Amino acid sequence: MRSIEFTLNGKPFTARVDDHLSLMAVLREQAGLISPKNGCAPQGSCGCCTVLVNGRALSSCVVPAHKAEGANIVTLEGLEPHERDIFARAFAVTGGLQCGFCIPGIVVAAKHLIDHNPEPTRRQIAEALNNHVCRCTGYVKIVDAIDLAARGLRGEPMPEPDYSGKIGSNLPRQDAEALVLGERPFVDDMRIEGVLYGAFLFSPKPRILLRRIDASEAVRVPGVVRVVTARDVPGERYQGLLSRDWPIFVAEGETTHCIGDILAGVVAASERAAREAVSLIRLDYDELPGVFSPDDALKPEAPRVHAGHENLLSRSEIRRGDVDAALAASAVVETRTFETQRIEHAFLEPESAVAVPGGYALEVFSQGQGVFDDRRQIASILGVTEDKVHVTLVANGGAFGGKEDLSIQGQVALMAALTDRSVKATLSREESIRLHPKRHPMRLTYTVGCDGDGRLTALRARIVGDKGAFASVGAKVLERAAGHAAGPYKVPAVDIESLAVYTNNLPCGAMRGFGANQSAFAIESMLDILAERVGIDAWEIRWRNALDAGDTFCTGQVLERPVGLKQTLLAVKEAYYASPRAGIACGIKNVGIGNGVPEHGQAVLEVGVGGHVTIHTGFTEMGQGFFTAMIQCLCDIIGIDPQMVHTAVDTDYPTPCGMTTASRATVLGGRAVQDAARKLQMDLEGGARL
Ligand code: FES
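Quick look at the structure, then. What you see is a predicted model, and the numbers here were worked out from it, not measured in a lab.

A look at the overall build of the protein chain
Summing up its helical and strand segments, the protein chain has 18 helices and 24 strands in all. In terms of overall dimensions, the protein chain has C-alpha extents of about 85 × 70 × 55 Å along its principal axes. Residues classed as buried in the protein chain amount to 57% of the 690 residues present. Accessible surface for the protein chain amounts to roughly 27,700 Å². Of this, 50% is attributable to carbon and sulfur atoms.

What about helix H16 (residues 565-578)?
Here H16 spans 20 Å end to end across 14 residues, near enough to the 20 Å set by a 1.5 Å rise per residue. In the structure, H16 departs most strongly from a straight axis at Val572, where the bend amounts to approximately 45°. Turning to H16, its buried residues are Leu565, Leu569 and Tyr576. Along its buried surface, H16 packs onto helix H15 (538-545).

Section: the sheet that holds strand E24 (residues 645-648)
Sheet architecture is open: three strands sit in the order E22-E23-E24, paired in mixed fashion. On the outer flanks of this sheet lie strand E22 (603-607) and E24, each paired with one strand and no other. Looking at each pair of strands side by side, their axes are set apart by 25° on average, direction ignored. With five bridges joining them, E22 and strand E23 (residues 613-617) adopt antiparallel strand pairing. Following the sheet pairing, Leu605 is matched in E23 by Ile615. This element, helix H18 (residues 664-685), spans E22 and E23 of the sheet and lies at about 40° to E22.

Regarding the packing of aromatic side chains
If you walk through the whole model with that rule in mind, you get nine aromatic pairs. With a centroid separation of 5.3 Å and an interplanar angle of 10°, the aromatic rings of Trp539 and Trp543 are classed as stacked. Linking Trp539 with Trp543, this pair stays in helix H15, spanning four residues, or about one helical turn. On the basis of relative accessible area, Trp539 is assigned to the buried category, the value being 1%. Summarising the aromatic geometry, the rings of Phe626 and Phe627 are spaced 5.7 Å apart at their centres and angled 45° between planes, so their arrangement reads as tilted.

Thoughts on the sheet that holds strand E17 (residues 389-393)
With mixed pairing, seven strands are arranged side by side in an open sheet as E8-E11-E6-E18-E15-E16-E17. What marks the edges here is a single partner per strand, and that holds for strand E8 (224-228) and E17. Taken pair by pair, the neighbouring strands of this sheet meet at an average axis angle of 20°, ignoring direction. Bridge count for strand E6 (residues 196-202) against strand E18 (residues 423-426) is three bridges, and the pairing is parallel. Across the sheet, Tyr197 pairs through a bridge with Lys424, a residue of E18.

Section: H18
For an α-helix, the turn length of 3.6 residues means that residues three or four places apart are oriented alike. Helix length check: H18, at 22 residues, gives a terminal C-alpha distance of 31 Å against a target of 32 Å (1.5 Å per residue), a fit within 8%. All buried positions along H18 are accounted for by Arg664, Ala665, Leu668, Gly669, Gly670, Ala672, Val673, Gln674, Ala676, Ala677 and Leu680. Among the residues trailing H18, Gly687 stands out with phi positive, at a value near 115°.

Calculation criteria
- Residues numbered from 1 in each chain as written.
- Predicted model: local features only at pLDDT ≥ 70, side-chain atom pairs only at ≥ 80, totals over all residues.
- Heavy atoms only, no water.
- Helix = DSSP H or I, 4+ residues; strand = E, 2+ residues; numbered from the N terminus.
- Buried < 20%, exposed > 50% of the residue type's maximum accessible area, 1.4 Å probe, protein only.
- Areas by Shrake-Rupley, 256 points an atom, 1.4 Å probe, with all protein chains shown as cover.
- Expected span 1.5 Å × (residues − 1).
- Bend = angle between axes of the 7 residues up to and from the residue.
- Contact = heavy atoms within 4.5 Å.
- Pairing = 2+ DSSP bridges.
- Axes fitted to C-alpha atoms, helices over the stretch in contact; angles between N-to-C directions.
- Phe/Tyr/Trp six-rings, centres within 6.5 Å; stacked < 30°, edge-to-face > 60°.

Have a look at this one:
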């Protein structure tokens, strides 16, 4: 390592560098700046770590630190105060951010653009974002925000944020300005005195018989504190949300399930030492043949992904009416097979966890989608009661279902417990993709009949989902695919079977839509095919079959109220017929966990000094605006200034609510906050004061 000097945000800075250290690492770890976010280092593909280097906007993770010698580096922290205010205000009032992880890098790119072109067009703004990825917003509002910021920087008046707090008002998302400026820490931004760092060794092949782990070289790396393996787990090594089939470490003598299996971990004084030590762990193993498609996995002679369990994880069936007779009597019958692909969530914040040993409990900072499920599993791993583990949510940088399962919280908690030191670990982008569950690839074979007018008569569907290596919530995803197989249409007779099949591929689990999307693709495609056969258009066949009050949904549930589909179809009818190229598709999705599971949300309102109120819930903020919605639910009833309201999610408060999935948190959490707010309002009317 050698010293170099450069100017950082207008002041001289001395960095310790070598040939491998990136500028991003120096800025984050030596300068202590957190506005450059690490989304993909060292790929330079997401733009989250963008800074200005001699006036050029560059991804700092691909700039070798030693090349910054003598350079002028500007990060978001170094912008002029009035520029920071304008960018923060512009993104807040336009809703130009959701999770906020990508925004600091985007603001630097916007600053670079506006410095060179004070009146950029929307197209020029979009082109300036070519090196940036946002997985939440869809970019339109980001362009709005940059357009507004450019106007503000030209001296035009900026709109005032709407802090009325009412439901339906345009309340800026909670912490918007701090997120825009990169000041609100994500887990990897947390700085803890004396923290150790964790890194992990993954299985080199999908299916190996792991004979021996040799860490003798790894422990000699300077700074290494401990190597951790399966034999160090005092409690239950196998975890999972619904089935305990996912080992936090695979043990010697066991067979791996996929390349996402973790075999060992290293705790060291620096992340670099931990990763170097991981690279020096030697494995003795036999590579075994695996199964990589559901068809192969279901063959009688197929190797079992999990010893002691057949490769068929679950079978969901829905049967109503006489499908054979209905198809035989149909004017038109068509059969098609559809295949959907495995999809990665690509949330921009990779998995990260921090664990801090404490007096009465181990404190874990999690970005997961359910802190109470995190706590249950971590306590089980450590072999302690749940009151010995305290999990605090750090609102995450995108999840989309991919952070429902434990990622590395369990291993990091174990490392902290074993060393009695605070431990942090953050996955690289490659490791993140390797570890967390994906959207299920499915093969859907549909036979659908209709009468001569295009009215559906029967549906037979056979759905097979590639579950990958671990159950996660996959059985429920395939159950959901079955339940939504007929889409939002009346089908008098259905015969649906949906299988979740283990393979040695990466695991699959929750992702936006939770199985309904794949079915929607199949049934909507079938409707287009049938419409063509009977000679009507795509809008008309949907209108003739649309569910309405009193109709029976695919699962047999009778709809008690109108579901809005017919109104929606009428609303788009003119636009559909006005365009010769228009296509049309409908969708239906349950709210909450569904499948008969009782649903509940919980909230505690804590009145603090000076009229501040904190909303405690068990749900997760992951960019969807949950906290902001809860603040509106409260303010709408008691009329408090939303800037006086705070939110907190941790296991110290008795608010277990299950997973945060889709709109579930907003619906259930919102009802809970409203109920609590009404009680608070009654207290206030009775003379209590905030
Ligand atoms: Fe852009 Fe979440 S707001 S990734």
